[in-house]
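Residue-level structural notes
These are the residues of each chain, in order.
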Amino acid sequence: MIAALSGVSAVSTAAAHAAPSEVTKASVYVPTAEKGAPSGVATLDVGAKLSASQLPDLTPIITKTVEPKLSRVEAAGIYLAKSEDAYRISRADIVAGADNRDAIQAVITAAATSGIRHVVLPPGEITLGRQLTIPASGHNLIIEGHGDDTIIRQISGALNKALFYGAGTDGAKTALSSDAPAGAGTVQVPLALAATLAPGAILGLECQSPVYGIGSAGQEAFASELRKVLAVSGTTVTLDSALIHAYSTKAKAVAWRMDPLSGIHLRHLTITSSDPLTVKGRAILFEKARNLRLSGLRVTDAGGGIFALDTMDSYFSDIEIENLPNVGSYLGYGLVVGGRSAHAYIEGLRGRNFRHLFTTLADERRDAAGITQWGGPRHITIRGGAGEQQRSGSQFSVWDTHPYGYDIVFDQCRAFGGSGASANGFQIRSMNTRLVNPVAMYSGNQGIRVDPSTAGEVEIVGGEVSFATAGGVGMGRNTSVRGVWIHDNKQAGITFTDTGSGSRASDNRIENNKYGIQDQSTGAAKGVIIQGNSIPKFGTQSLALVSPKGNLTFANNVVPGYGPDNDGVGGVIASTVKRSGNITD
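Residues numbered from 1 in each chain as written. Predicted model: local features only at pLDDT ≥ 70, side-chain atom pairs only at ≥ 80, totals over all residues. Heavy atoms only, no water.

**Side note on the overall build of the chain**
Stated precisely, the cut-off is as follows: Helix and strand definitions here come from DSSP, where helices need a minimum of 4 consecutive H or I residues and strands a minimum of 2 consecutive E residues; each element is numbered from the N-terminal end. The buried label goes to any residue with under 20% of its type's maximum accessible area, the exposed label to any with over 50%, and the partly exposed label to all in between, with areas taken from a 1.4 Å probe on protein chains only. The criterion used for residue contact is that any of the two residues' heavy atoms lie within 4.5 Å. In short, Shrake-Rupley with a 1.4 Å probe defines the accessible areas, and a residue's cover is counted only from the protein chains shown.
Counting secondary structure elements, the chain contains six helices and 49 strands. Within the chain, buried positions represent 52% of all 585 residues. When contacts within the chain are restricted to residue pairs at least 6 apart in sequence, long-range pairs at least 24 apart make up 67% of them. Total accessible area computed for the chain in this model is approximately 24000 Å², and 55% of it derives from carbon and sulfur atoms.

Okay, structure coming up:
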C-alpha cells in the first residue's frame, strides 16, 4: 500500500530509476494479460509512475478510520472527538454562562447507550441549570473532568434531586411466608421472587419492627437491609452474610430484588453554585447503586453535598467539601451514606464549614400518615479525614452519625472547631461504632459525644481529645475509652450519665481538665469500670474522680499529686463504689 501511494512500481526500485528505453524493454517481459489487471502487474507511465486509474480505491479504509472519531450528537448539536476510549467534549462546544445541560445530557446518554462508556468534560467553567441524569442502563460509565480546572456551576434554582443523579430500580415487594430470624444466613422467599434471583443478585428485606433510634422520639427506624445472594435452591436463598435484624411475618416482612445502577465513576470535578442560598439542591445523589466510585471531587459554595443511598460496595476518595451554607437542612451535609447501604469505604474526606462533614441517614418515607424511617447503613469505614468548623457560633458537629447505622469505623479522622454549645468534634448516635486514633480539638461542646439515648457498643481507641468547652468524652451505654490522651478540656475529661451502664475507661492519660472523670448519673449506671488510667492533679485538674455512685469500680489508676494515700476521689461518694490498687503519693 505504501509503495502504491508513493508512486513506486511493482518492479524493482532499480528499474524505476532506469532509463526510459530500459523500462520499455523490461515491460516486454510482463505478459499483456497481467498489465493493469486485478492481482496483476501495474504499468508505468513515461515518468515511471503508476497511473491514477490503476491506484486502489481507499475510500472504505479512510471512512472506517476517520468517521467514528468525529460524530455528531444530534440532540446536543455539537461535534465530539469520539475516539476508541471516550467522548471528549470540546471547550468550544460549551456556551459560556448559558444552561449547557441539554448538550451535556445528550453526550452522557450517548455514552451510556454505546460501547464507549466514558465522557471527558473540558477545562473551564460549565454552567448547568438542571439535573444531569445517568440512565439506568448506563452501567460502568465514567464521567470525568480536569480536577480544579473543570468547574460545574449550578445556575438555576429549579427543583432537582441533584445536579448529578443516577439510580437503579426496585422490584415488587412480596410478603414473606415464614420468619427470617436475626443471625440467619438463609431466607425463604416466594417462588416467583426466587425465580428472579441468581448468585450475585441483591435481595432487599424489611419489616415494621423498630431497630434504630429507640429511646429518641421521632427517630425510630424499622428493620431493613440489603444482602447479596450466594445461591438459590427452590425458595431458599443463601445470603452472603448473616442478617443483622429479624424479619417477622407478624411485622409485615417483605422481600424484593434490587437491580442496581452499577460501576459509575465520577471523578476530577469541582461543583459549585452561582448562589448556594437560593440555588439549592444536592451536588450528587446516587441511589440503588453498586460499585459506585467517586474520587477527586471538590464541592464548594454549593447548595448541597454528596449522597449515596441504598448503595453496595462503594468507594469515595480524595473528596473536599467547603462552605455548604444551608446548615439548617440536610443540604448542609457534606457526604452522606444512608438507607440500606453496605460496604462503603471513604478515604481522604476533608472540608470546612458545613452542617456535618459526614453523617448517616435512614430511608425516609413520607405519606399521608406522616414520616417513617427504614434501615441504616452498615459496614462503613471513614479513614484519614479532617474537618473544621470555622464559622463563628457554629452549632454542628464535624463528624456525625444519626441513630441509623451498624458497624461504622472512623479511622484516624480529625475534627477542629465548632464554637456553638452543641458542636462536637464527633457526635456518635449509632450502635457498634469504633473510633481509632481520633483527634478532636477546640469543640464548643464535647470532643467526642456518645449519645446517651440511641448509641451503644461504642469503642474509642487512642487519639487525642483536647480544649473542648464542655468536656472531653461523654460515654454512653457499653462505651469503651482506651489509650486516649484527654487534656485541657474546660470541664471533665470523661463524663457519663444514667445510660452509661457497662462503660469502661482504661489506660488513658487524663490531665489538666477541670476534673479527670465525673459521674453525672443518679446512680442508675451500673458496671462502670475506671482502671489503669493516669489522672494526676495537674494544672486546673483538682480531682481524679468526682461523685462516683452505684457499683462503679475505680482501680489500679495512677493518681499523683492529691496527697499521701489520697486517690483523688471527691464529691459525694457512694458507699457501694469499689476502690482498690490506686497508686497515690
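**Considerations on the environment of Gly 129**
With respect to the helices and strands, Gly 129 occurs in the loop between β5 (124–128) and β6 (132–134). Taking the C-alpha atoms as reference points, Gly 129 and Ser 156, separated by 27 residues in sequence, lie 4.5 Å from one another.

**Here's the deal with the pattern of salt bridges**
Filter applied, for reference: By convention in these notes, a salt bridge is any Lys or Arg side-chain nitrogen within 4 Å of a carboxyl oxygen on Asp or Glu.
Across all of its chains, the model carries 31 salt bridges by this definition. Lys 228 is the partner of Asp 313 in a salt bridge, and the nearest nitrogen-oxygen pair spans 2.8 Å. Taken together, the residues Asp 313 in strand β21 (residues 306–322) and Lys 228 in strand β14 (residues 221–233) connect sequence positions 85 residues apart. Residue class for Asp 313 comes out buried when judged on its relative accessible area of 18%. With a shortest N-O distance of 3.7 Å, Asp 313 and Arg 290 are connected by a salt bridge. Placement of Asp 313 in strand β21 and of Arg 290 in strand β19 (residues 282–290) is noted, with a sequence separation of 23 residues between them. What emerges from the salt-bridge pattern is a single network uniting Lys 173, Glu 206, Asp 310, Arg 340, Asp 363 and Arg 365.

**Here's the deal with helix α5 (residues 101–112)**
Heads up, the rule is: Given the number of residues in a helix, its expected span is that number minus one, multiplied by 1.5 Å.
Taking 1.5 Å as the rise per residue, α5 with 12 residues should run 16 Å; its terminal C-alpha atoms sit 16 Å apart, in good agreement. Counting buried positions along α5 yields 10 of 12 residues, so the element is predominantly enclosed. Those residues of α5 that fall on the buried side of the exposure criterion are Arg 101, Ala 103, Ile 104, Gln 105, Ala 106, Val 107, Ile 108, Ala 110, Ala 111 and Ala 112.

**Here we look at the side chain of Asp 519**
For clarity, the threshold we go by: Positive charges are assigned to Lys and Arg, negative charges to Asp and Glu, while His and the chain termini are left out of the count. Whenever a nitrogen or oxygen atom comes within 3.5 Å of another N or O atom, the pair is scored as a polar contact, on the condition that within protein one atom can donate a hydrogen and the other can accept it, and that pairs from neighbouring residues in sequence are kept only if both atoms are in side chains.
Structurally, the position occupied by Asp 519 is in strand β44 (residues 517–519). Although buried, Asp 519 forms no salt bridge, and the nearest oppositely charged side chain, Lys 549, lies 4.0 Å from it. Of the polar contacts made by the side chain of Asp 519, one reaches the backbone nitrogen of Lys 549; its length is 2.9 Å. Apart from residues lying up to four places away in sequence, Asp 519 is in contact with Phe 496, Val 546, Ser 547, Pro 548, Lys 549 and Leu 552.

**Details of the packing of aromatic side chains**
Filter applied, for reference: Stacked, edge-to-face and tilted labels apply to pairs of Phe, Tyr and Trp rings (six-membered ring for Trp) whose centres lie within 6.5 Å, assigned for plane angles under 30 degrees, over 60, and everything in between, in that order.
Going through the model one piece at a time under the given rule, you end up with eight aromatic pairs. An angle of 80° between the planes, with centres 6.0 Å apart, marks the rings of Phe 358 and Phe 410 as edge-to-face. In this pair, Phe 358 sits in strand β24 (residues 356–361) while Phe 410 sits in strand β30 (residues 406–411), placing the two residues 52 residues apart along the sequence. What makes Phe 410 buried here is its relative accessible area of 1%.

**Details of the pairing of strand β23 (residues 342–352)**
Here is the rule: Here a strand pair is declared whenever DSSP counts at least two bridges between the two strands.
Across nine bridges, the pairing between β21 and β23 is parallel. Counterpart to Tyr 315 in the pairing with β23 is Tyr 345. Where β23 lies against strand β27 (residues 378–383), five bridges are found, and the strand directions are parallel. Looking at β27, one finds that Ala 342 is bridged to Arg 378.

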